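# Working through the structure, step by step
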Amino acid sequence: MSFRYASGINKPGFNPLAAGTDQYKGIWSLAGQANAKGAGTWPVPPGPALFNWGDNSSGELGLGNITNYSSPKQIGALITWSKIAGGTRSSRAIKADGTLWVWGSGSDGQLGLGNTTSYSSPKQVGTLTAWSLISSRDSFTLSIKTDGTLWSWGSGSSGQLGLGNVTSYSSPKQIGALTAWSSIACGDQCGSAIKTDGTLWSWGNNNVGRLGLNDITNRSSPVQVGALTAWSKIARGNNFALSIKTDGTLWSWGGNGSGQLGLGNTTDYSSPKQIGALTAWSTVAGGDRFSMATKTDGTLWVWGNNVYGQLGLGNTTYYSSPKQVGSLTTWSNIACGSHHAILVKTDGTLWVWGRNNFGQLDLGNTTNYSSPKQVGTLTTWLTIAGGIYHTITTKTT
């Protein structure tokens, strides 16, 4: 008799089961069960391994070199990775122990290592074990700790660090003193965050109204978007934002030159506008002037710029309102690079499309694709993130 784990048999070799965790599920051998019962501990199943591919000109793949790769390459042998984020020629990841690791371009201090040096292998940011969420884009980084505090570092030229100035910092700086931040998103020179009370806040560059504050004035510290307490999820593209409310409605604002706001036109908006009337939106992601979203029924919808086929519709036509990708209802996780899409289905398979000039689609070539292509045949992919021209993922080993 044994208990099931999705990726294999767990043998003896234990650690205490942390309260509130659900990751210790698996197939436990009889010997493992007996030892666990006697010791009051549980076997640790194989955890997520970290893989990268695509552009590596600044070492953003974390492989100790600057060689581009068009197929998956594992970073080290660790299987303890938890959260990931891509950036502009840089990457970030949080381990299960709460430590934060970075690599790639550090030209603006965006790695948080106290310098502007680039690194081609993972480097730990300080010694803290309290990092919880991470987001990056355009040479700056936002992160939330387990205590709900919000931190930033990197380029601050437009106030995107939210520190009340336009100074750049190469090590983490706390934004205010609040302990109520719950989600974050980085755009080009701007940031957004949602608090635990459901309020939405923005700061940084406000060209084309990307902050959603009904003006185009830059802000160097967080300013609340309206007075609502119903914001649930936030995503940012280059100069625009997408957000889902607790009622399942989808909203957008900012630049709209390619129809990336999904409002049926190409007009910029400096305050949130609802996309349609549906209340069934589940997840959102933004790239460089294109958008993706899933509904609660598992369908996938796209709109905006499509010059490289990044909408996955089999063409290169721009669309200013949501269009469904095929008819499948099995889309689960979604992420955007600058011009490519990365998705995981409910069966754990990995799918990509769009621009592939550096092999960021992981298809073994540099050909662009305008319709979904499966990456290999594995069904063990977990989390995904896109950099400007590279992809970062985790999967079970």
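Residues numbered from 1 in each chain as written. Predicted model: local features only at pLDDT ≥ 70, side-chain atom pairs only at ≥ 80, totals over all residues. Heavy atoms only, no water.

Our focus in this paragraph is the sheet that holds strand 27 (residues 319-324). Spatial strand order, 24-25-26-27: 4 strands in an open sheet with antiparallel pairing. The open sheet has two edge strands, strand 24 (281-286) and strand 27, and neither has a second partner. Neighbour-to-neighbour, the strand axes of the sheet open up by a mean angle of 20°, direction not taken into account. As defined by bridge partners, strand 25 (residues 290-295) adjoins strand 26 (residues 300-304) across 5 bridges and the pair is classed as antiparallel. Counted as the bridge partner of T294 is L300 from strand 26. (Pairing = 2+ DSSP bridges. Helix = DSSP H or I, 4+ residues; strand = E, 2+ residues; numbered from the N terminus. Axes fitted to C-alpha atoms, helices over the stretch in contact; angles between N-to-C directions.)

Take the sheet that holds strand 13 (residues 140-145) next. On the basis of which strands lie adjacent, the open sheet formed by 4 strands has the order 12-13-14-15 and antiparallel pairing. Every other strand in the sheet has two partners, leaving strand 12 (131-137) and strand 15 (169-174) as the edge strands with one partner each. Across this sheet, the average inter-strand angle for adjacent strands is 15°, counted without regard to direction. As judged from the 6 bridges shared by strand 12 and strand 13, these two strands associate in the antiparallel manner. Each bridged residue has a counterpart across the sheet, and for L133 the counterpart in strand 13 is I144.

So, on to the packing of aromatic side chains. Considering all chains together, one arrives at 13 aromatic pairs under this definition. Consider the rings of W181 and W201, whose centres lie 6.3 Å apart with planes at 80°: the pair is edge-to-face. On the criterion of sequence distance, the pair formed by W181 in strand 16 (residues 181-187) and W201 in strand 18 (residues 200-204) is long-range, its members being 20 residues apart. Each member of the pair, W181 together with W201, is buried. When the centroid spacing of 6.5 Å and the interplanar angle of 80° are considered together, the rings of W281 and W301 count as edge-to-face. Within this pair, whereas W281 is found in strand 24, its partner W301 is found in strand 26, the two being separated by 20 residues in sequence. (Phe/Tyr/Trp six-rings, centres within 6.5 Å; stacked < 30°, edge-to-face > 60°. Buried < 20%, exposed > 50% of the residue type's maximum accessible area, 1.4 Å probe, protein only.)

Among the secondary structure elements, H390 is positioned in strand 33 (residues 390-396). Within the structure, H390 has its side chain in polar contact with the backbone oxygen of S90 (distance 3.5 Å). (Polar contact = N/O pair within 3.5 Å; in protein donor to acceptor, adjacent residues only side chain to side chain.)

Structurally, the position occupied by T397 is in the segment after strand 33. Residues T397 and T380, 17 residues apart in the sequence, show an inter-C-alpha distance of 7.6 Å.

Attention now goes to the nonpolar core. Formed by 14 residues in total, the largest nonpolar core has its most connected members in M292, L300, W331, I334, L343 and W353. Counting only elements with at least two residues in this core, the list comes to strand 25, strand 26, strand 28 (331-336), strand 29 (340-345) and strand 30 (350-354). Here this core takes 3 residues from strand 28, the largest share from any one element. In this structure, M292 is in contact with T283, V284, A285, L300, W301, V302, I334, A335, C336, A341, L343 and W353, ignoring residues within four places of it in sequence. (Core = buried A, V, L, I, M, F, W, Y, C linked by side-chain atoms within 4.5 Å. Contact = heavy atoms within 4.5 Å.)

Looking now at the confidence of the model for the protein. Chain-level pLDDT for the protein is 91 on average; 88% of the residues reach the 70-or-more range. Predicted confidence for residues 1-33 stays below pLDDT 50, and this span has 64 contacts to residues more than four positions away or in other chains. (pLDDT = per-residue confidence, 0-100.)

What follows deals with unusual backbone geometry. Positive phi, normally seen in glycine, also occurs at N214, with a value near 65°. Relative to the helices and strands, N214 is located in the loop between strand 18 and strand 19 (219-224). Judged by its relative accessible area of 57%, N214 is exposed. Its identity as a non-glycine residue notwithstanding, R289 has a phi of 65°, on the positive side. By relative accessible area, R289 is classed as partly exposed at 32%.

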